[in-house]
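Structural overview for review
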Amino acid sequence: MPASRHPALAATDPELASFVADEEVLQARTLRLIPSENYVSAAVLEASGTVLQNKYSEGYPGRRYYEGQQNIDRVEALAVERAKGLFGVDHANVQPYSGSPANLAVYLAFAEPGDTVMGMALPMGGHLTHGWGVSATGTWFRGVRYGVAASTGRIDYDAVRDLALAERPKIIFCGGTALPRTIDFAAFASIAEEAGSVLVADVAHIAGLIAGGAHPSPVGHVDVISTTTHKTLRGPRGAMLMCRAEHAKAIDKAVFPGLQGGPHNQTTAGIAVALHEAAQPSFTAYAHQVVANAKALAGALLEQGFDLVSGGTDNHLILMDLTGRGVPGKVAAKALDRAGIVVNHNTVPFDPRTPFDPSGVRIGTPSLTSRGLGTAHMPVVAEWISRAVDAAAKGDEAVLAAVRAEVADLMAAHPAPGLPLS
Ligand SMILES: *Cc1c(COP(=O)(O)O)cnc(C)c1O
């Protein structure tokens with residue numbers, strides 16, 4: 001057995017240490033296409049595992065409820081300054097524990113229970129927290145939903161406007177989890193203005209692309225920007241809320257004391273490091289490469305005969321409709337997993353199947369780009385996906401094993417940031 005990278009953990013709790021070691025091997029050897037995932041750098045990983053963990057810091061820098069904040073205040077203030085600089089916003093709150101609580105804080109800041117809120121429907125590509133029924137946001141608030149046009153697979157802004165003017169929602173969310181196309185923040189802004197709604201851009205998926213200039217920024221168009229820090233932004237699991245100065249107080253009050261207690265200072269440190277990394281020219285190149293790879297992969301998948309929702313992609317994400325291949329999304333996703341290609345099954349717009357057993361698979365290029373794969377690799381990735389999906393249809397495990405070995409070879413040549421060399 002190789003020496004553990006976590007000797008204290010291995011000595012204290014060998015069972016748990018072995019799970020972590022196995023996960024390191026799994027991450028190293030497989031091709032991760034889940035578009036919401038990434039690999040953090042070794043520096044982010046170190047910052048997230050520091051003694052900052054030991055400190056309680058309810059409040060904000062300079063205004064805490066506990067003493068001994070000399071260093072914690074510097075950490076949080078640095079993260080805030082970096083967020084403001086990177087995204088060009090007046091105000092940033094780096095304390096939300098994750099994307100879902102960040103969005104809940106937005107409701108707390110701007111709406112009362114029972115108010116109408118508007119977001120994209122989950123099966124169309126929206127997020128649970130945009131007022132979907134099974135989420136607290138859809139039971140405590142009255143969620144109304146827009147979608148994409150059946151003919152184009154793209155948001156129908158006229159329909160969004162009609163719904164907003166009919167419903168006059170307190171809050172409108174734009175952004176989602178399965179949207180392969182550019183979000184027109186200016187179009188949403190004029191709709192929200194007409195309807196008298198607070199406009200929130202939830203850029204959880206695309207924050208890194210925005211930071212790197214590979215997707216238009218919502219700054220100047222929206223009231224609040226909500227984002228996770230662990231997707232394309234390549235930071236630790238966490239979130240940020242950013243806004244104009246006029247909303248700063250409401251947002252801060254909603255996060256603490258409205259919703260949360262002490263911030264996770266070790267995560268704040270990791271966020272600060274990730275924001276520093278995202279401000280480097282290499283990250284701009286990364287963000288553009290993510291998009292170039294996604295476009296190349298989409299082209300290669302079309303050549304392999306796959307149907308893609310909206311016909312392709314503008315960003316990091318591709319939504320594949322497998323109906324024409326005769327393989328349900330979940331069956332395909334599980335077969336791809338056995339082939340060393342990690343994806344998630346996903347509904348496609350107007351899916352005739354159920355969310356638990358949908359027609360599609362969602363993939364993306366943030367992780368493979370972090371490993372240094374480029375457009376030249378995308379045809380072979382598409383070919384692996386095609387072979388694995390066809391093998392799933394036939395139950396041909398030998399093909400899946402063969403693909404898995406080929407994937408592991410390529411992954412060995414492209415080690416992931418933060419992971420041990422396999
Ligand atoms: C991922 C995501 C979230 C939720 O983030 P969690 O950290 O999983 O709670 C919210 N909104 C959108 C659009 C997302 O993609």
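In this text the structure is predicted, and so the values were computed from the model without any measurement. (Residues numbered from 1 in each chain as written. Predicted model: local features only at pLDDT ≥ 70, side-chain atom pairs only at ≥ 80, totals over all residues. Heavy atoms only, no water.)

With that settled, the discussion passes to the domain arrangement of the protein chain. Frequently, the measure chosen for interface size is the accessible area removed from exposure when the parts meet. Here the protein chain is described as being made up of domain 1 (47-278) and domain 2 (286-413). Between the C-alpha centres of domain 1 and domain 2 there is a distance of 28 Å. A combined buried area of about 1,900 Å² lies between domain 1 and domain 2, and 58% of that area is made up of carbon and sulfur atoms. The three residues of domain 1 that bury the most area against domain 2 are Pro180, Arg181 and Arg234, which together make up 29% of that side's buried surface. Taken together, the connections running from domain 1 to domain 2 amount to 1 salt bridge. Between Asp314 and Arg181 there is a salt bridge, and its shortest N-O distance comes to 2.8 Å. On inspection of domain 1 and its partner domain 2, the count reaches 13 residue pairs in polar contact (both at pLDDT 80 or more). Here the residues of the side of domain 1 that touches domain 2 are counted per class, giving 12 nonpolar, 9 polar and 3 charged. (Domains from an automatic or database assignment. Buried area = accessible area lost by both parts, 1.4 Å probe. Salt bridge = Lys/Arg side-chain N within 4 Å of Asp/Glu carboxyl O. Polar contact = N/O pair within 3.5 Å; in protein donor to acceptor, adjacent residues only side chain to side chain. Nonpolar A, V, L, I, M, F, W, Y, C, P; charged D, E, K, R; others polar.)

Read from one edge to the other, the open sheet built from 7 strands follows the order S4-S10-S9-S8-S7-S5-S6, with strand pairing classed as mixed. Edge positions in the sheet fall to strand S4 (91-93) and strand S6 (142-146), since each of these pairs with one other strand and no more. Neighbouring strand axes in the sheet, compared pairwise and without regard to direction, differ in orientation by 20° on average. In the packing of helix H5 (residues 99-110) onto the sheet, the strands contacted are strand S5 (116-120), strand S7 (171-174), strand S8 (198-202), strand S9 (224-228) and strand S10 (239-243), and the crossing angle to S7 comes to about 155°. (Pairing = 2+ DSSP bridges. Helix = DSSP H or I, 4+ residues; strand = E, 2+ residues; numbered from the N terminus. Axes fitted to C-alpha atoms, helices over the stretch in contact; angles between N-to-C directions. Contact = heavy atoms within 4.5 Å.)

Following the UniProt record, the feature "site: Plays an important role in substrate specificity" (unreviewed entry) maps to His230 here. Considering the arrangement of structural elements, one finds His230 in the loop between S9 and S10. Excluding residues within four positions of it along the chain, His230 makes contact with Ser36, Asn38, Ser98, Gly235, Pro236, Arg237 and Gly238. Within the structure, His230 has its side chain in polar contact with the backbone nitrogen of Gly238 (distance 3.2 Å). (UniProt positions renumbered as here; feature names shortened; annotations may be inferred.)

Inspection of the region around the ligand gives 13 residues, with Ser98, Ser100, Asp202, His205 and Lys231 positioned closest. Within the side chain of Ser100, one N or O atom sits 2.6 Å away from an oxygen atom of the ligand. One nitrogen or oxygen atom from the side chain of Asp202 is found 2.6 Å from a nitrogen atom belonging to the ligand. Burial of the ligand by the protein amounts to 86% of the accessible area it has alone, namely 380 Å². Per-element accounting of the shell around the ligand gives the leading share, 3 residues, to H5. Among the residues making up the shell around the ligand, the classes are represented as 1 nonpolar, 10 polar and 2 charged. (Near = heavy atom within 4 Å. Areas by Shrake-Rupley, 256 points an atom, 1.4 Å probe, with all protein chains shown as cover.)

So, on to helix H12 (residues 281-303). Helix length check: H12 (23 residues) gives 33 Å between terminal C-alpha atoms against 33 Å at 1.5 Å per residue, within 8%. Turning to H12, its buried residues are Phe283, Tyr286, Ala287, Val290, Val291, Asn293, Ala294, Leu297, Ala298, Ala300 and Leu301. Just downstream of H12, Gly305 is the residue with a positive phi angle, here 90°. (Expected span 1.5 Å × (residues − 1). Buried < 20%, exposed > 50% of the residue type's maximum accessible area, 1.4 Å probe, protein only.)

Before going further, it helps to spend a moment on a nonpolar patch on the surface. A cluster of nonpolar side chains, namely Tyr56, Tyr65 and Tyr66, defines an oily patch on the protein surface of about 380 Å² accessible area. By the element assignment, Tyr66 lies in the loop between strand S3 (63-64) and helix H4 (70-87). (Patch = residues over 30% accessible without salt bridge, like charges linked within 9 Å, V, L, I, M, F, W, Y side chains within 5 Å.)

With the rule as written, the count across this model stands at 15 salt bridges. For Arg338, the salt bridge is made with Glu397, and the minimal N-O distance between the two is 2.9 Å. Here the residue Arg338 occupies a position in helix H13 (residues 329-338), and Glu397 occupies one in helix H16 (residues 397-413), the gap between them amounting to 59 residues. Among the residues examined, Arg338 registers a relative accessible area of 39% and is labelled partly exposed. A relative accessible area of 40% means that Glu397 is categorised as partly exposed. Overlapping salt bridges bring together Arg64, Asp73 and Glu76 as one network.

Moving on, we come to the nonpolar core. Core analysis: the biggest nonpolar cluster contains 51 residues, and Phe87, Phe188, Leu233 and Met240 have the highest contact counts within it. The element that contributes the greatest number of residues to this core is helix H8 (residues 185-195), accounting for 6 residues. The residues that make up this core include at least three from each of domain 1 (47-278) and domain 2 (286-413). Counting 37 residues, the second-largest nonpolar core is a separate cluster that includes Phe306, Met320, Val381 and Ala388. (Core = buried A, V, L, I, M, F, W, Y, C linked by side-chain atoms within 4.5 Å.)

If you trace the backbone, Glu76 turns up in helix H4. A distance of 2.9 Å separates the side chain of Glu76 from the side chain of Arg64, its partner in a polar contact. Once residues within four sequence positions are removed from consideration, Glu76 is found in contact with Tyr60, Pro61, Arg64, Val94, Gln95, Pro263 and Thr268.

The next subject is the sheet that holds strand S15 (residues 360-364). Spatial strand order, S11-S12-S15-S14: 4 strands in an open sheet with antiparallel pairing. Two strands close off the open sheet at either side, each with one partner strand: strand S11 (307-308) and strand S14 (344-346). Strand direction decides the pairing type here: strand S12 (residues 317-321) and S15, joined by 5 bridges, are antiparallel. Paired with Leu317 across the strands is Gly364, a residue of S15.

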